[in-house]
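Summary of the model geometry
Take a look at the letters that make up each chain.
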Amino acid sequence: MKVVILKDAAEVAKYGADIFIKQIKRKPDSVLGLATGSTPVALYKELIAAYQSGRVSFKNVSSFNLDEYLGLTGTHPQSYRYFMNQQLFDHIDIEKSQTAVPPGDAEDPFSACEQYEHNIKQKGGIDIQLLGIGRNGHIGFNEPSSSLMSRTRVKTLTRATIDDNARFFGPDEYQPHLSITMGIGTILESKKVVLLATGANKAEAIKATVEGPLTAACPASALQMHEHVVLVIDEAAASQLADVDFYKHIEMENQKLLERLGRD
Ligand code: PGA
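Throughout, a residue's number is its position along its own chain's written sequence, starting from 1. Where totals are concerned, whole chains, interfaces and linings use all residues; where local detail is concerned, this predicted model gives features only for residues with pLDDT of at least 70, and gives and counts side-chain atom pairs only at 80 or more. To obtain the side-chain values, all non-hydrogen atoms of the structure were included, while hydrogens and water were left out.

This next bit is on the sheet that holds strand 2 (residues 31-34). Pairing in this open sheet of 7 strands is parallel, and the strands run 1-10-9-6-2-3-5 from one edge to the other. The sheet is open, and its two edges are formed by strand 1 (2-6) and strand 5 (99-100), each paired on a single side. In this analysis, strands are considered paired if DSSP registers two or more bridges between them. Working definition: helices are DSSP H or I runs of at least four residues, strands are E runs of at least two. Numbering for both runs from the N terminus.

Right under this line is the structure:
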């Protein structure tokens, strides 16, 4: 796994955004896998700034989001569709009709999951998937014990995730306990994966992801099986890794090699 350790959250957002910008420049009709949560927000700000300064266009890009609360419509302020519109889509030139978020208001959520998988395949698969990580190692809403081969499905949230996300809901507001999420198998099929983590509260999950065993107890550890995955993390999120110097050394050597070859 490629582990890039940077000073702080701002550097993580910049580095992560650059990966996406390069991808879109290389392939203007890229299929992006996108994520919600607080960590990607700064990366989305970087993408918006890059669009506004003419560095990148999303005109031919399409996207699939990882997950959505079951029981919320896209106009609900806590829905992930609403979040994506607010944080990214409304500020760039992407065609909204080309942006997909699992339908939280589907009449038949089970067939909606199958349809979501089908739609990803129809687009030729996801070129690059952005991920955050939960304190418990979840990716998307694939909570610990999720099958490592799982596909898009209805998933019950753990108490820890409900508590972590309670801050976004008002005291009397309905907070869903169910979600639709891409599966770990779905995520592993994307051609590239970029996982962002910042802050000391992610340090344990990052250690389990990089240096722990491959286990459903830490869903992100499944990324050890992926061919092209990069973890972009800050010093705080890296603070429990046993071999920080080694990862920094590898990244430095990689950069030197790329410079020598004139590649980015
Ligand atoms: P966060 O969420 O970015 O808000 O910490 C990450 C996640 O739960 O995937």
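What follows deals with the environment of glycine 33. Topologically, glycine 33 is positioned in strand 2. For the pair formed by glycine 33 and threonine 99, sequence separation is 66 residues and the distance between their alpha carbons is 9.8 Å. If near-sequence neighbours (up to four positions away) are discounted, glycine 33 is found in contact with Phe64, Ile126, Ile128, Gln129 and Leu130. For this analysis, residues touch if any pair of their heavy atoms sits within 4.5 Å.

Let's shift gears to the site of the ligand. Around the ligand, the surrounding shell consists of Gly37, Ser38, Thr39, Gly132, Ile133, Gly134, His138, Arg167 and Lys202. Nitrogen and oxygen atoms within 3.5 Å of one another constitute a polar contact, given that in protein one can donate a hydrogen and the other can accept it, and given that sequence-neighbouring residues count only through two side-chain atoms. In the model, an oxygen atom of the ligand is placed 2.7 Å from a nitrogen or oxygen of the serine 38 side chain. In these tables, accessible area is a Shrake-Rupley quantity obtained with a 1.4 Å probe, and a residue counts as shielded only by the protein chains included in the view. Within the complex, 80% of the 280 Å² of free accessible area of the ligand lies under protein. One heavy atom within 4 Å of a molecule or strand is enough for the residue carrying it to be called near that molecule or strand.

Turning our attention to the side chain of asparagine 85. Relative to the assigned elements, asparagine 85 resides in helix 3 (residues 80-87). Every residue in contact with asparagine 85, bar those within four places of it in the chain, is listed here: Asp90, His91 and Lys96.

On to the packing of helix 1 (residues 9-26) against helix 2 (residues 39-52). Contact geometry of helix 1 with helix 2 gives a least axis separation of 8 Å together with a crossing angle of 50 degrees. By the angle class used here, helix 1 and helix 2 are oblique. Read as a crossing pair, helix 1 and helix 2 show a hand that is right-handed. Residues Ala13, Lys14, Gly16, Ala17, Phe20 and Ile21 of helix 1 touch helix 2, and the partners they reach there are Ala42, Leu43, Glu46, Leu47 and Ala50. Think of it as three bins: nonpolar holds Ala, Val, Leu, Ile, Met, Phe, Trp, Tyr, Cys and Pro, charged holds Asp, Glu, Lys and Arg, and polar takes everything else, Gly as well. When its residues are assigned to classes, the contact of helix 1 with helix 2 shows 8 nonpolar, 1 polar and 2 charged. Lines fitted to C-alpha atoms define the axes here, with helix axes fitted over just the stretch in contact, and angles between the N-to-C directions of these axes take values from 0 to 180 degrees. With respect to orientation, any angle under 35 degrees is reported as roughly parallel, any angle over 145 as roughly antiparallel, any angle of 65 to 115 as roughly perpendicular, and every other angle as oblique. Put simply, a crossing is left-handed when the front helix is turned counterclockwise from the back one by less than a right angle, and right-handed when it is turned clockwise.

Look at serine 145: it is not a glycine, yet its phi comes out positive at around 90 degrees. Secondary-structure assignment places serine 145 in the loop between strand 6 (128-131) and strand 7 (153-156). Overall, the relative accessible area of 60% leaves serine 145 in the exposed class. Whether a residue is buried, partly exposed or exposed follows from its accessible area with a 1.4 Å probe, protein chains only, as a fraction of its type maximum: under 20%, in between, or over 50%, in that order.

Turning to the pattern of salt bridges, a few remarks are in order. In the sections that follow, a salt bridge refers to a side-chain nitrogen of Lys or Arg positioned within 4 Å of a carboxyl oxygen of Asp or Glu. In total, this model carries 14 salt bridges according to the counting rule given. Across the pair glutamate 189 and arginine 151 runs a salt bridge, and its minimum N-O distance is 3.0 Å. Of this pair, glutamate 189 sits in the loop between helix 6 (184-188) and strand 9 (192-197) while arginine 151 sits in the loop between strand 6 and strand 7; the two residues are 38 residues apart in sequence, bridging distant segments of the chain. Salt bridges sharing partners connect three or more residues here, namely Lys27, Asp127 and Lys191.

By this rule the span expected of a helix is its residue count minus one, scaled by 1.5 Å. Between its first and last C-alpha atoms helix 4 (residues 109-122) spans 20 Å; for 14 residues at 1.5 Å apiece the expected length is 20 Å, and the two agree. Taken together, the buried positions of helix 4 are Pro109, Ala112, Cys113, Tyr116, Glu117 and Ile120. Down the axis, helix 4 shows its buried residues gathered within 140 degrees of arc, on one side only. Among the exposed residues of helix 4, those pointing more than 90 degrees away from its buried face are Phe110, Glu114, Lys121 and Gln122. The elements touched by buried residues of helix 4 are strand 3 (62-65), strand 5, strand 7, strand 8 (178-181) and helix 6. Along the arc lie the directions from the helix axis toward the C-beta atoms.

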